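Take a look at the letters that make up each chain.
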Amino acid sequence: MKVPLLVFNENGIYCEAADVYLDPWRPVDKAIITHGHADHTRWGHKKYITHITNVPIIKHRLGDINVSGKTFGETFIINNVKFSLHPAGHILGSSQVRVEHNGEVWVFTGDYKIEDDGISVPFEPVRCHTFITECTFGLPAFKWIPQEEVFLDINSWWASNKGEGKTSVLFGYSLGKAQRLLKYLDTSIGSIYTHGAIENMTNVLRPLVKFPKTTLITRETSKEDIKGNIVLAPPSAHGSTWIRKMVPYETASASGWMAFRGARRRRAIDKGFVLSDHCDWQGLLKAVEATGARKIISTHGYTDIFSRYLRELGYDARTEQTQYEGELSEMETKKESEDAS
């Protein structure tokens, strides 16, 4: 029986022909990494291969590792298997992995979105026979509005809070979401203050993107300094002693999960902005169609529902269990949070 080009085992997604893993969750000898979020980039591999933009990101998160960077579209061959990385549009440095061997082509997306956020290189459909896709938001209920409208709402919220003498505390993951928010905040309203985890990661990315000026909140920062301005903080900062310095404040979270009203209540957030670095339902379907693939494997999210719908459309669709968590895991690591507080 022919062994599939990529298989799922206890370590991750494995290409036996090349003896290499894609985004493995246990330590392996050689790993191709799609992007820097914690569920896709684990510590302990002997050799990392990733996009050149992602190299400083994963070095910041993992420390002194053996890593090499590739450009988009650059072919590299391992044991006669052809690999190349292609834009995923998820966050800075994110990529899809194209794998070709004996005339068969598979594509692994990692995480991705098809909306151009103006920061990461936009998603590029890659033709293939088998497409491995996330479906974090694989329900018809998820339908994103254009980010321009979301940022108008965010800046209006900030201006309104300032008019009431309140500080605006906006929560977003330290890698990806925070930089997307930062890029489009209206600095004519006031100044942007940051939690250490976000400041540290943003400084890694400043050579790549022109971001507005930010001010790190330290022990010396006073309430009067912050008052009326906006603070970018990771979700883990909510409810911490760190946030007491912001009083009086209003809180908001920018996440795809804010499409569910209950999510905002559970997190005790005053305001929710629906902004995701993943595809909505229609985005997933458009991406699948653009690949030309007939075999679709869903790895994390609403996998059963999405795969069932694809089968109704005539695709050979199935699910696989992984340790990827989508937007649930894109927060700073515990160590980063402690180091930055």
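The coordinates are above.
Residues numbered from 1 in each chain as written. Predicted model: local features only at pLDDT ≥ 70, side-chain atom pairs only at ≥ 80, totals over all residues. Heavy atoms only, no water.

1. Re the overall build of the protein
Note the following rule: The secondary structure listing takes helices from DSSP runs of H or I that are at least 4 residues long and strands from runs of E that are at least 2 residues long, numbered from the N terminus. Radius of gyration: over C-alpha atoms. The globule rule applied is 2.2 Å multiplied by the number of residues raised to the 0.38 power. Think of it in three bands: residues with accessible area under 20% of the maximum for their type are buried, residues over 50% are exposed, and the middle band is partly exposed, with areas taken using a 1.4 Å probe on protein chains only. Throughout, a residue-residue contact means that at least one pair of heavy atoms, one from each residue, lies within 4.5 Å. For accessible areas, the Shrake-Rupley method is used with a probe of radius 1.4 Å. Any residue's cover is judged against the shown protein chains and nothing else. Asp and Glu count as negative and Lys and Arg as positive, but His and the ends of the chain are not part of the count. Positions of charges follow a simple convention, taking NZ of Lys, CZ of Arg, CG of Asp or CD of Glu.
Regarding its fold elements, the protein presents nine helices and 19 strands. On C-alpha atoms alone, the protein measures out to a radius of gyration of 20 Å, which is about the 20 Å that the 2.2 N^0.38 rule sets for 341 residues. Counting only C-alpha atoms and orienting by the principal axes, one finds that the protein spans roughly 70 × 45 × 30 Å. With 341 residues in all, the protein has 57% of them scored as buried. Summarising the internal contacts of the protein: among those between residues at least 6 apart in sequence, 60% fall at separations of at least 24. When the accessible area of the protein is evaluated, it comes to approximately 14600 Å², of which 49% is carbon and sulfur surface. Charge centroids of the protein, computed over 41 positive and 41 negative side chains, lie 2 Å from each other.

2. Regarding the environment of Ser298
Our working rule: Distance and chemistry together define a polar contact, namely a pair of N or O atoms within 3.5 Å, with one atom able to donate a hydrogen and the other to accept it when in protein, and with adjacent residues in sequence counting only for side-chain atoms on both sides.
Within the secondary structure, Ser298 sits in strand S18 (residues 295-301). Here the alpha-carbon distance between Ser298 and Thr322, two residues 24 residues apart in the chain, equals 9.7 Å. Not counting residues up to four positions away in its chain, the partners in contact with Ser298 are Thr133, Cys135, Thr303, Phe306, Ser307, Arg318, Thr319 and Glu320. A distance of 3.3 Å separates a polar atom in the side chain of Ser298 from a polar atom in the side chain of Ser307.

3. With respect to helix H2 (residues 147-163)
For the record, the criterion: Under the convention used throughout, the expected extent of a helix is 1.5 Å for every residue step, that is, one less than its residue count. Note that the arc is computed from the directions linking the helix axis to the C-beta atoms.
End to end, H2 covers 24 Å across 17 residues, agreeing with the expected 24 Å (1.5 Å per residue, within 8%). For H2, the set of buried residues is Gln147, Val150, Phe151, Ile154, Asn155, Trp157, Trp158 and Asn161. All buried residues of H2 lie within an arc of 150° about the axis, which places them on one face of the element. Counted as exposed and oriented over 90 degrees from the buried face of H2: Glu148, Leu152 and Gly163. Residues of H2 that are buried make contact with strand S12 (167-171), helix H3 (177-184), strand S13 (192-194), strand S15 (230-233), strand S16 (249-254) and strand S17 (271-273). Following H2 by one or two positions, Gly165 adopts a phi angle in the positive range, close to 75°.

4. Points about the state of the cysteines
Threshold: Two cysteine sulfurs form a disulfide in these notes if their separation is within 2.5 Å.
For the structure on display, the rule yields zero disulfides. Cysteine Cys128 is unpaired, with the sulfur of Cys279 as its nearest cysteine sulfur at 14 Å. Accessibility expressed as a relative area gives 8% for Cys128, which makes it buried. No disulfide involves Cys135; its nearest neighbouring cysteine sulfur is the one of Cys279, lying 10 Å away.

5. Comments concerning the sheet that holds strand S2 (residues 13-15)
This is how it is decided: Note on pairing: two strands pair once DSSP finds at least 2 bridges between them. Every angle, taken between N-to-C directions, lies between 0 and 180 degrees, and every axis is a line fitted to C-alpha atoms, over only the stretch in contact when it is a helix.
With mixed pairing, six strands are arranged side by side in an open sheet as S1-S2-S3-S4-S5-S6. The open sheet has two free edges, formed respectively by strand S1 (7-8) and strand S6 (67-70), since each of these has just one partner strand. Pairing analysis gives two bridges linking S1 to S2, with the strands arranged antiparallel. Paired with Phe8 across the bridge in S2 is Ile13. Relative to the sheet, helix H1 (residues 54-62) contacts strand S5 (47-51) and S6, its axis offset from that of S5 by approximately 135°.

6. A closer look at the sheet that holds strand S7 (residues 76-78)
The strand order across the open sheet built from seven strands is S7-S8-S9-S10-S11-S18-S19, with neighbouring strands paired in mixed fashion. Either end of the sheet is taken by a strand with one partner, and the two such strands are S7 and strand S19 (316-319). When strand polarity is set aside, the average angle formed by the axes of neighbouring strands in this sheet is 25°. The pairing of S7 with strand S8 (residues 81-87) spans three bridges and is antiparallel. By the bridge assignment, Phe76 is partnered in S8 with Phe83.

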